[in-house]
Amino acid sequence: GSINVTMSKAAVGTRAAWVVEPETEVLLAAATDDEAARLGRLLEAVGFRNLGGYLVGGMTAWRDEGLELVSTAAIDIRTLADRVRSEDVLVVDVREDDEWEEGHVAGSVHVPYHELRAGIPPELRNGGKPLAVACSAGNRSSIAASLLERAGVEDIIHVAEGGVAELADEGIKLEKGA
């Protein structure tokens, strides 16, 4: 039920605000006290005022306490290219419209990550191929993957390293336009 809004990339507060109501009570998970405090400040800067606390030791501490934990399969861009060639995944491109128009995988589904806040499009609930969720670097796709899983969509793969535009370097032809 958690949402992974990584602090390792820029704009963590803005991205969180796109997918979580600022009034929502938020529990932070961070590896250290300093990281939790920094994340709290970044969230407060964009209007989050109901920070309920933080998990000391992050997800490792959660796991060590024997609490329920799930993980999301993650792949890099080279593996995604292989899976696109073998046609065994449906690419879910969560970039913005202008990025999509610059180049996307033929047959992929386009839904900007922040639109998943309003609900899951029916084509992502088809129960067919695994959904490979990709953006330009991995930060937005981590949010989108968590939102999909939170909504009960199964067989999600997070493209954690690399982005859609890099597929061209792996020999995947990208289509331009809407």
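As shown above, the structure is provided for reference.
The structure displayed is predicted, hence computed values, not measured ones.

(A) Seen up close, the pairing of strand β4 (residues 90-93). Neither face of β4 is open: one carries L90 and V92, the other V91 and D93, and all of them are buried. Note: β4 against strand β7 (residues 131-134), four bridges, orientation parallel. Residue pairing across strands places V92 opposite V133, the latter belonging to β7. Here β4 pairs with strand β6 (residues 109-110) via two bridges, running parallel. Its bridge partner lying in β6, V92 is registered against V109.

(B) Geometry of the sheet that holds β4. Ordered in space as β3-β8-β7-β4-β6, the five strands form an open sheet in which the pairing is parallel. A single partner strand is all that each edge strand has here, and the edge strands are β3 (73-76) and β6. Across the face of the sheet, helix α4 (residues 77-85) comes into contact with β3, β4, β7 and β8 (156-161) while running at roughly 95 degrees to β3. Running at roughly 165 degrees to β8, helix α6 (residues 139-150) makes contact with β7 and β8 of the sheet.

(C) Local environment of the nonpolar core. L116, L124 and L148 are the most contacted members of the largest nonpolar core, which totals 30 residues. Elements with a minimum of two residues in this core: α1 (12-19), β1 (26-29), α2 (33-44), β4, β7 and α6. Counting residues per element, this core draws most heavily on α6, which supplies five residues. I75, V105, I157 and V159 belong to the second-largest nonpolar core, a separate cluster that totals 15 residues.

(D) Representation of unusual backbone geometry in the model. Despite not being glycine, E87 shows a phi value in the positive range, around 55 degrees. Tracing the chain through its elements places E87 in the loop between α4 and β4. Assessed through its relative accessible area of 58%, E87 is described here as exposed. Although it is not a glycine, D155 sits at a positive phi angle of roughly 65 degrees. Topologically, D155 is positioned in the loop between α6 and β8.

(E) Examining the pattern of salt bridges more closely. All told, the structure shown has seven salt bridges when counted by the stated rule. The partner of E21 in a salt bridge is R117, with the nearest N and O atoms 2.1 Å apart. Taken together, the residues span a long stretch of sequence, with E21 in the loop between α1 and β1 and R117 in the loop between β6 and β7 at a distance of 96 residues. Judged by its relative accessible area of 34%, R117 is partly exposed. With a closest N to O distance of 3.2 Å, D88 and R83 form a salt bridge.

Analysis parameters
- Residues numbered from 1 in each chain as written.
- Predicted model: local features only at pLDDT ≥ 70, side-chain atom pairs only at ≥ 80, totals over all residues.
- Heavy atoms only, no water.
- Buried < 20%, exposed > 50% of the residue type's maximum accessible area, 1.4 Å probe, protein only.
- Helix = DSSP H or I, 4+ residues; strand = E, 2+ residues; numbered from the N terminus.
- Pairing = 2+ DSSP bridges.
- Contact = heavy atoms within 4.5 Å.
- Axes fitted to C-alpha atoms, helices over the stretch in contact; angles between N-to-C directions.
- Core = buried A, V, L, I, M, F, W, Y, C linked by side-chain atoms within 4.5 Å.
- Salt bridge = Lys/Arg side-chain N within 4 Å of Asp/Glu carboxyl O.

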